[in-house]
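# Coordinate analysis (summary)
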Amino acid sequence: MTAQPQPTLSLLDAIAQRRSARAFKPDAIPTAVLHEILRLGTQAPSAFNLQPWRFIVLQSADAKAKLSPCAFGQRQVTEAPVVLICCGDTTAAEADNIEAVIALGQQQGAMPDAFANYMRTGIPQGMGDRPSFTHMEAWINRQVMLAVGHIALVAKAYGVDSCPMEGFSTSAIQETFGLPETVIPCCLLPLGYAAEPLKQYGGRFPLDRICYGDRYGEPFPS
Ligand SMILES: Cc1cc2nc3c(=O)[nH]c(=O)nc-3n(C[C@H](O)[C@H](O)[C@H](O)COP(=O)(O)O)c2cc1C
């Protein structure tokens, strides 16, 4: 039996210490650690628990070399031992996946029949009316990027660095890696152990610049 990998940082320390790595050592990520990062990272929430994220897990030098021109030659994607192409399946709000989520919830004893029926009718209706988004690309990014954030933080807790990347060509990735038109690449996430040069912490805005009170523009009470 393989020993359960142990994190080296608490979640709060992982949040404080995570930085986007631009250079990686060649050291491999142990398989058990990679699986745990993906398993815990995908505990992220998603609308109706539809879990529309899909990950192409690149580990071979050949696959990473193919990704390099799609990502404009950014060094992280060839240096990192693992690169995730984090995608969203826009068909996840259709009947097949709704039934799969219902079955999953039933296995957990957490899917009352009334809610299952609400999902069967409410999801197609909501996806048709789209009161909170105008394009499926917005919807899918909303879901997938939460999982990407979870993965980056779980990875850091296991001592594994990452770098979320939007510097890529969607059409080049779709063509090179055989994505159907309904599957959208949202982000690349190289994973591995940071090497020099480390990019320094760029700081974060104070809360009074990014938070408002009861209405947009009103000061956030300190
Ligand atoms: C959606 C997204 C896209 C990004 N794209 C790139 C990228 O293409 N290349 C890159 O080197 N860094 C990329 N970054 C990393 C940001 O530059 C970095 O998160 C930011 O400067 C804050 O630094 P920190 O992550 O080290 O705290 C991206 C980050 C996010 C969240």
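What comes next is a walk through the structure. This is a predicted model, so every value here is computed, not measured. As a convention, each chain's residues are numbered from 1 in the sequence order in which they are written. Predicted model: local features are reported for residues with pLDDT of at least 70 only, side-chain atom pairs are reported and counted for 80 or more only, and whole-chain, interface and lining totals are derived from all residues. Side-chain metrics rest on all non-hydrogen atoms present in the structure, leaving aside hydrogens and water.

Helix and strand definitions follow DSSP, with helices as H or I runs of at least four residues and strands as E runs of at least two, each counted in order from the N terminus. Regarding its fold elements, the chain presents nine helices and four strands. For the chain, the succession of helices and strands along the chain, N to C, is α-α-β-α-α-β-α-α-α-β-α-β-α. The C-alpha extent of the chain, read off along each of the three principal axes, is 55 × 50 × 40 Å. The buried label applies to any residue whose accessible area, calculated with a 1.4 Å probe on protein chains only, is under 20% of its type's maximum; exposed applies above 50%, and partly exposed to all values in between. Looking at the chain residue by residue over its 222 residues, the buried ones come to 40%.

Let's shift gears to the pattern of salt bridges. Any carboxyl oxygen of Asp or Glu that lies within 4 Å of a side-chain nitrogen of Lys or Arg is treated as forming a salt bridge with it. According to the stated counting rule, one finds six salt bridges in the structure shown. Here Glu36 ties to Arg39 by a salt bridge, and the two come within 2.7 Å at their closest N and O atoms. You can see Glu36 and its partner Arg39 sitting in helix H2 (residues 31-41), three residues apart, about one turn around the helix. Its relative accessible area of 8% is what places Glu36 among the buried residues. A salt bridge links Asp62 to Lys66; the nearest nitrogen and oxygen atoms lie 3.2 Å apart. Of this pair, Asp62 and Lys66 both sit in helix H3 (residues 61-70), four residues apart, which is roughly one turn of that helix. Residue Lys66 is classed as partly exposed on the basis of its relative accessible area, which comes to 41%.

For the bond from Glu196 to Pro197, the omega torsion is -5 degrees, close enough to zero to count as cis. Turning to its location among the elements, Pro197 is positioned in the loop between strand E4 (183-192) and helix H9 (207-210). Although it is not a glycine, Asn49 sits at a positive phi angle of roughly 60 degrees. Relative to the assigned elements, Asn49 resides in the loop between H2 and strand E1 (53-58).

What follows deals with the site of the ligand. The local shell around the ligand consists of Arg18, Arg19, Ser20, Arg22, Gln74, Gln76, Cys163, Pro164, Met165, Glu166, Gly167 and Arg204. Polar contact is the term for a pair of N or O atoms within 3.5 Å; when the atoms are in protein, one must be able to donate a hydrogen and the other to accept it, and sequence-neighboring residues count only if both atoms are side-chain atoms. In this structure, an oxygen atom belonging to the ligand sits 2.8 Å away from a side-chain N or O atom of Arg22. The contact in question runs from a nitrogen atom of the ligand to an N or O atom on the side chain of Gln74, over 2.8 Å. Surface accessibility in these figures is a Shrake-Rupley result with a 1.4 Å probe; residues are shielded only by whichever protein chains are displayed. Considering the ligand on its own, with 620 Å² of exposed area, one finds that the protein chains cover 67% of that surface. Here the shell around the ligand is built from residues that sort into three nonpolar, four polar and five charged. To be near a molecule or strand, a residue needs just one of its heavy atoms within 4 Å of it. Three classes are used, and their members are as follows: Ala, Val, Leu, Ile, Met, Phe, Trp, Tyr, Cys and Pro are nonpolar, Asp, Glu, Lys and Arg are charged, and the others, Gly among them, are polar.

By nonpolar core we mean a set of buried residues, namely Ala, Val, Leu, Ile, Met, Phe, Trp, Tyr and Cys, connected to one another through side-chain atoms within 4.5 Å. Membership of the largest hydrophobic core comes to 37 residues, with the highest contact counts inside it found for Ile37, Leu84, Trp139 and Leu191. Elements with a contribution of two residues or more to this core: H2, strand E2 (82-89), helix H5 (95-107), helix H6 (113-129), helix H7 (136-157) and E4. For Leu191, the residues in contact, after removing those within four places along its chain, are Phe24, Ile29, Leu34, Ala80, Pro81, Val82, Leu84, Ala155, Val160, Asp161 and Ser162. In this structure, Ala21, Ala63, Cys87 and Ile173 belong to the second largest nonpolar core, which totals 21 residues. Contact between two residues is taken to exist if any of their heavy atoms lie within 4.5 Å; hydrogens are not considered.

On to H5. Since there are 3.6 residues in each turn of an α-helix, residues three or four apart along the chain are aligned in direction. The span expected for a helix works out to 1.5 Å for each residue beyond the first. Here H5 is 13 residues long and its end C-alpha atoms lie 18 Å apart, about the 18 Å a rise of 1.5 Å per residue gives. Burial in H5 covers these residues: Asn97, Ile98, Val101, Ile102 and Gly105. Looking straight down H5, one finds its buried side chains confined to an arc of 145 degrees; they lie on one side. Across from the buried face of H5, at angles greater than 90 degrees, the exposed residues are Ala95, Asp96 and Gln107. To be clear, the arc concerns the directions from the helix axis to the C-beta atoms.

Take the sheet that holds E1 next. With antiparallel pairing, the four strands of this open sheet are ordered in space as E1-E2-E4-E3. The open sheet has two free edges, formed respectively by E1 and strand E3 (161-162), since each of these has just one partner strand. Here a strand pair is declared whenever DSSP counts at least two bridges between the two strands. Pairing between E1 and E2: six bridges, direction antiparallel. Pairing of Trp53 across the sheet is with Gly88, part of E2. Only the contacting stretch of a helix is used when fitting its axis, a line to C-alpha atoms as for every element, and angles between N-to-C directions run 0 to 180 degrees. Docked against the sheet, H3 engages E1, E2 and E4, running at close to 65 degrees with respect to E2.

These figures capture arrangement, not role.
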